[in-house]
Number of protein chains: 2
Amino acid sequence: VTPRRVVIVGAGFGGLNAARALRGADVHVVIIDQHNYNLFQPLLYQVGSGMLDPGEIAHPVRSILRGQRNLEVRLGTVTGIDLAARMVTTDKGDVSYDSLIVAAGSVTNHFGNAALARSTNGLKTLDDAIRLRSSVLECFERADEEEDEAERRRLLTVVIAGGGPTGMEYAGALMELFTHVLPRDYPHLDFSAVRVVIVEGADRLLDSFHPQLAARAQRTLRARGVELVFGRRVVDASEAGVRLDDGTTLDAATVVWTAGVRAVSLGGSISDRRGRLDRVPVRPTLQLPGQDDVYVIGDLAEVASRSGEPLPMLAPVAIQQGRHAAKTILVQMSGAPAGPFRYLDKGTMATVGRNQAVVQVGPLRYSGFVGWLTWLFLHLLYIVTFRSKVMVLLNWGWNYLFYDRPIRLITSPRARGAEDPVTPQETSP
Amino acid sequence: VTPRRVVIVGAGFGGLNAARALRGADVHVVIIDQHNYNLFQPLLYQVGSGMLDPGEIAHPVRSILRGQRNLEVRLGTVTGIDLAARMVTTDKGDVSYDSLIVAAGSVTNHFGNAALARSTNGLKTLDDAIRLRSSVLECFERADEEEDEAERRRLLTVVIAGGGPTGMEYAGALMELFTHVLPRDYPHLDFSAVRVVIVEGADRLLDSFHPQLAARAQRTLRARGVELVFGRRVVDASEAGVRLDDGTTLDAATVVWTAGVRAVSLGGSISDRRGRLDRVPVRPTLQLPGQDDVYVIGDLAEVASRSGEPLPMLAPVAIQQGRHAAKTILVQMSGAPAGPFRYLDKGTMATVGRNQAVVQVGPLRYSGFVGWLTWLFLHLLYIVTFRSKVMVLLNWGWNYLFYDRPIRLITSPRARGAEDPVTPQETSP
């Protein structure tokens, strides 16, 4: 008998945990992703600020799942799902399934605003982070040469649209870079011109956290020099900077867009109904309505929580849903019905930078140094491989002790032959 | 009195050591490079084979030279040098000098062959190494899906043109990756189809080493499965593979070009005479003929050795020349004449991979495990920063113990928005 084919779309937190939960089971698992690596997104902002190397937060999927004999990894971009034919189509060919777990995640959401898509930098993919690191550092190089004061100020201004955890953590990391590291690199540059501005539509940061914790984070950020603009949205961006919804403009060379994500468009090929942020509404069991063999999990799935609100787009949700979907498939194979998914909220946290993080676990809320240690410990714990734990810990220790960001590299792949600019005629004989 | 302006073009081994040798001197130093980092080229092949992260061999120039008060770092591409006006022109503006050290290095040499420039991958820049890593790994992904046997063999064949240290070290590292690491990633792939072929025009590898050492390296490489083709040159390359000068063709998806470098074209703006490989002939003092204030060093300079042959394009030559040029400038300032440069050959070495390297120091020649330990120790010693020494040592230890290459990442910056392939209409509203 051919074992049941379980196809998993996406090797993020959700897909990976689904795959692991199927280890040793009597199924054949195929996991498909457009990248050959799993990205530890919670630390992406540290690549974007020169603290970590890409290899420390990106791990080859084949490594992670090595030794799982019932499993096959495919590198490919999923272009559609045919529910009737039970088929996943990819740019490398079709893959048939008996059971399907769609864990394709989310992408940066510019809300259809082409100017924002063109002139802002996301912080969602590894390429985003490397490009952002290069771009910020390049601005300092240019500022160091710039005679015009207004232009220098523009080069030294970073606007971060969005005051959620990503925007806040990146702001804190950047401010540390600008305050403790770069002044030693640019001894002649006037650092009083440096600005990091968070623009947030709500009236506070971190709307998923308790107001007291948000207030604490805001105090720390402001004390460290980050400017906070509340009740405003970035509605336009260009080379020159941004325009807010009240007409104010801010001159800024770097605009980071962390103000929204949405579920991937792939959702459209499995569901006519789309929830908030394009998520796909699923049953409490995580099954697609009318499709007992199709599970949708993670950022892509809209699942109601006990409060009635959809569960947030967070790693712990995806992890638990991945395990639930995998186990439910095994339960179904034994003839039993699928049970509902219950999210166990283990708490959330975010760091403001050195020595400061906010943590909430159920009714428990704390911040400061103890919060920061909690943040450090738990993030280290969840980093996917042992080697990366060691490397990340060393980098953190180095950064903490020496106020250094060793990976301040401006890298941008150029065309072949571009290294020798004087006579690039070599390639055209 | 304004201090003398010493401009250094290039922050490679030569330029960096010139800058360091001017520390504390009564001069104003400006060092210009197109990258903001110094690249430790001897370990570039380890980035290209997934062993090291870019941040471990690339170090920000500003970090390395931090605290040197008489020094200014500029990021820019030098487009020309005007000897009459004593001016260096860059894409970011002109820089005047009193003394000039040109250490602009070398680039990959395709000998004017456009097909080779287009269809082969160099191993000279950080981008080269990252692109090569991605490209080799992507071939394995495609081979794993490929039904056609001939095409699968093509995907699994790497041809390395050039049997110098770079080609040989990369061949050894790749073979280790293909033998010990990737078979666990692709349990269903037939690895007997994997080929690594070095094509070398001479009748042996490592023509700068003693024949006995070359023979030893060749035996080891062959025992590990690397094929060696001598007396042949790659004269054409395409998607399909390569053609050799005797008409033989080899189907190969990856072609690495390490068969030649040449001095950068910038040499043309300071000298009408060009030596072998476009190098600029200089006086024994390293001064440009007729220009007492212009020094040319490193790969760009053609300096006769005691044997009459030009000194090789090697890091130790550039390092010693950098120091010599810097010191000579200080000597000149005191009114004394410039003295000749003498190269102290401390020996050369190359590793064949795990447990095997060839070392020659004057009349002393050895290889094997002791050679390998020497190679490890000296490379660690020369890595520019303490932090990188620790990181590289950890990575090497990890690789040695677990036969792992943790940084097997396929990364290729895509256009913004390309992460969500189904409906990329978002950017055009």
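Remember, it's a predicted structure, so these values are computed and weren't measured experimentally. (Residues numbered from 1 in each chain as written. Chains lettered and ligands numbered in written order. Predicted model: local features only at pLDDT ≥ 70, side-chain atom pairs only at ≥ 80, totals over all residues. Heavy atoms only, no water.)

Enquirer: Can you break down the overall build of chain A residue by residue, with the values?
Expert: Per the secondary structure count, chain A includes twelve helices and 25 strands. Computed over its C-alpha atoms, the radius of gyration of chain A comes to 23 Å, within 12% of the 22 Å expected for a compact globule of 429 residues. For chain A, the C-alpha atoms occupy an extent of roughly 75 × 70 × 45 Å along the three principal directions. Burial statistics for chain A: of 429 residues in total, 58% are counted as buried. A separation of at least 24 residues holds for 64% of the contacts in chain A among residues at least 6 apart in sequence. For chain A, the exposed surface amounts to about 16,900 Å²; the carbon and sulfur share of it is 53%. Put simply, chain A has 47 plus and 45 minus side-chain charges, and the middle of one group is 9 Å from the middle of the other. (Helix = DSSP H or I, 4+ residues; strand = E, 2+ residues; numbered from the N terminus. Rg over C-alpha atoms; globule rule 2.2 N^0.38 Å. Buried < 20%, exposed > 50% of the residue type's maximum accessible area, 1.4 Å probe, protein only. Contact = heavy atoms within 4.5 Å. Areas by Shrake-Rupley, 256 points an atom, 1.4 Å probe, with all protein chains shown as cover. Lys, Arg positive; Asp, Glu negative; His and termini not counted. Charge placed at Lys NZ, Arg CZ, Asp CG, Glu CD.)

Enquirer: Can you break down the interface of chain A and chain B residue by residue, with the values?
Expert: As a measure of interface size, the accessible area lost when the parts come together is often cited. Contacts between the two partners involve 77 residues from chain A and, on the opposite side, 77 residues from chain B. Here chain A and chain B share an interface that buries about 6,800 Å² over both sides, 49% of which is from carbon and sulfur atoms. Inspection of the region where chain A meets chain B yields eight salt bridges. The closest approach of N and O atoms between Arg74 of chain A and Glu145 of chain B, which form a salt bridge, is 3.3 Å. At the junction of chain A and chain B, the tally comes to 19 residue pairs in polar contact (both at pLDDT 80 or more). When residues in the side of chain A that touches chain B are grouped by element, the largest group, eight residues, is from helix H6 (residues 126–145) of chain A. When the residues that make up the side of chain A that touches chain B are grouped by side-chain class, the tally is 31 nonpolar, 22 polar and 24 charged. (Buried area = accessible area lost by both parts, 1.4 Å probe. Salt bridge = Lys/Arg side-chain N within 4 Å of Asp/Glu carboxyl O. Polar contact = N/O pair within 3.5 Å; in protein donor to acceptor, adjacent residues only side chain to side chain. Nonpolar A, V, L, I, M, F, W, Y, C, P; charged D, E, K, R; others polar.)

Enquirer: Describe the relation of the copies chain A and chain B, and please don't skip the residues or the numbers.
Expert: Mapping chain A onto chain B is achieved by rotating through 180 degrees and translating by 0.0 Å along the same axis, at an RMSD of 0.0 Å. What the superposition gives is, in effect, a two-fold axis relating one chain to the other. If distances are taken from each C-alpha of chain A to the rotation axis, the shortest is found for Asp53 of chain A, at 3.2 Å. (Least-squares fit on C-alpha atoms with pLDDT ≥ 70 in both.)

Enquirer: Talk me through the pairing of strand S23 (residues 348–353) of chain A; I want residue IDs and the actual numbers.
Expert: All names here are of chain A. The element S23 is extensively covered by neighbouring structure, given that six of its six residues are classed as buried. Pairing of S23 with strand S24 (residues 356–361) involves five bridges; the strand directions are antiparallel. Following the sheet pairing, Ala350 is matched in S24 by Val358. The loop that links S23 with its antiparallel partner S24 comprises two residues; one of these, Asn355, has a positive phi angle of about 65 degrees. (Pairing = 2+ DSSP bridges.)

Enquirer: Give me the nonpolar core: which residues, what numbers.
Expert: Counting residues in hydrophobic clusters, the biggest one holds 72 residues, and the most contacted among them are Leu43, Ile57, Phe140, Tyr170, Phe178 and Trp396 of chain A. Leaving out residues up to four positions away in the same chain, Trp396 of chain A has contacts with Leu43, Gln46, Met51, Leu52, Trp375, Leu376, His379 and Leu380 of chain A. (Core = buried A, V, L, I, M, F, W, Y, C linked by side-chain atoms within 4.5 Å.)

Enquirer: So what's going on with unusual backbone geometry? Residues and values would help.
Expert: Located in the positive-phi region is Leu286 of chain A, a residue other than glycine, with phi close to 80 degrees. Relative accessible area serves as the criterion here: at 0%, Leu286 of chain A is assigned to the buried category. With phi around 50 degrees, Leu206 of chain B is a residue other than glycine that occupies positive phi space. Structurally, Leu206 of chain B is set in the loop between strand S12 (195–200) and helix H9 (211–223).

Enquirer: Report on the pattern of salt bridges, specifying residues and quantitative values.
Expert: Scanning the model with the defined rule gives 36 salt bridges over all chains in all. Taken together, the shared-partner salt bridges in this structure form one network comprising Arg4, Arg86 and Asp293 of chain A.

Enquirer: I'd like a description of the packing of aromatic side chains, backed by residues and values.
Expert: If you walk through the whole model with that rule in mind, you get 16 aromatic pairs over all chains. Through successive ring pairs, a cluster of aromatic residues spans Phe140, Phe178, Tyr186 and Phe191 of chain A. (Phe/Tyr/Trp six-rings, centres within 6.5 Å; stacked < 30°, edge-to-face > 60°.)

Enquirer: Quick one: what's the story with the environment of Pro337 of chain B, residue by residue and with numbers?
Expert: Structurally, the position occupied by Pro337 of chain B is in the loop between helix H10 (315–333) and strand S23 (348–353). Once the C-alpha coordinates of Pro337 of chain B and Thr285 of chain B are considered, the two residues, 52 residues apart in sequence, prove to be 9.7 Å apart.

Enquirer: Which residues make up the packing of helix H1 (residues 13–21) of chain A against helix H10 (residues 315–333) of chain A, and what values go with them?
Expert: Residues and elements named next belong to chain A. The geometry of H1 relative to H10 is characterised by a closest axis approach of 7 Å and an angle of 35 degrees between their N-to-C directions. Crossing of H1 over H10 shows right-handed handedness. Within the contact between the two elements, H1 uses Phe13, Gly14, Asn17, Ala18 and Ala21 and H10 uses Ala315, Ala318, Ile319, Gly322, Arg323, Ala326 and Leu330. Split by residue class, the contact of H1 with H10 holds eight nonpolar, three polar and one charged. (Axes fitted to C-alpha atoms, helices over the stretch in contact; angles between N-to-C directions. Left-handed = near helix turned anticlockwise from the far one by under 90°.)

Enquirer: A description of the sheet that holds strand S6 (residues 78–82) of chain A should follow, citing residues and the corresponding values.
Expert: All names here are of chain A. Reading across the sheet, the three strands line up as S6-S7-S8 and stay open at both edges, with antiparallel pairing between neighbours. Here the strands that pair on one side only, and so sit at the sheet edges, are S6 and strand S8 (93–96). In this sheet, adjacent strand axes meet at a mean angle of 20 degrees when their direction is disregarded. Here strand S7 (residues 87–90) runs beside S8; their pairing, made up of four bridges, is antiparallel. By the bridge assignment for S8, Val88 is matched with Val95.

Enquirer: Could you give me a rundown of the confidence of the model for chain A, with the residues and numbers involved?
Expert: Residues and elements named next belong to chain A. With 96% of its residues at a pLDDT of 70 or more, chain A shows a mean pLDDT of 92. Residue range residues 413–417 is modelled with pLDDT below 50. Its contacts to residues more than four positions away, or to other chains, number 13 contacts. Across residues 423–429, where pLDDT falls below 50, the model places eleven contacts with residues more than four positions away in sequence or in other chains. Complex prediction metrics read pTM 0.89 and ipTM 0.85. (pLDDT = per-residue confidence, 0-100.)

Enquirer: How would you summarise the sheet that holds strand S20 (residues 287–288) of chain B if you had to cite specific residues and measurements?
Expert: All names here are of chain B. An order of S5-S2-S1-S9-S21-S20 is seen for the six strands of this open sheet, with the pairing classed as mixed. Unpaired on one side and paired on the other, strand S5 (71–75) and S20 mark the two borders of the sheet. Two elements, strand S2 (residues 27–33) and S5, share five bridges in a ladder whose sense is parallel. The partner of Asp33 across the bridge, within S5, is Leu75.

Enquirer: Pulling in residues and values, what's your account of H9 of chain B?
Expert: Residues and elements named next belong to chain B. Taking 1.5 Å per residue, 13 residues should reach 18 Å; H9 reaches 18 Å between its end C-alpha atoms and fits that length. Taken together, the buried positions of H9 are Leu213, Ala214, Ala217, Gln218, Thr220 and Leu221. All buried residues of H9 lie within an arc of 165 degrees about the axis, which places them on one face of the element. Residues of H9 that are exposed and point over 90 degrees away from its buried face: Gln212, Arg219 and Ala223. With its phi angle positive at about 105 degrees, Gly225 sits one or two positions after the end of H9. (Expected span 1.5 Å × (residues − 1). Arc of directions from axis to C-beta.)

Enquirer: Give me the environment of Gly267 of chain B: which residues, what numbers.
Expert: Residue and element names in this part refer to chain B. Within the fold, Gly267 resides in the loop between strand S18 (261–263) and strand S19 (280–281). In the structure, Gly267 is positioned 50 residues away from Val317 in sequence and 18 Å away in space, judged by C-alpha atoms. Those residues in contact with Gly267 that lie beyond four places of it in its chain are Arg274, Val280 and Leu300.

Enquirer: Just give me the short version of the pairing of strand S21 (residues 291–296) of chain B, but keep the residues and values in it.
Expert: Residue and element names in this part refer to chain B. Here three bridges tie strand S9 (residues 99–102) to S21, and the two strands are oriented parallel to one another. Residue pairing for S21: Ile101 is matched across the bridge by Tyr295. Bridging between S20 and S21 involves two bridges; their strand directions are antiparallel. Within S21, the residue paired with Leu288 across the bridge is Gln291. The hairpin formed by S20 and S21 contains two residues between the paired strands, and Gly290 there has a positive phi angle of roughly 80 degrees.

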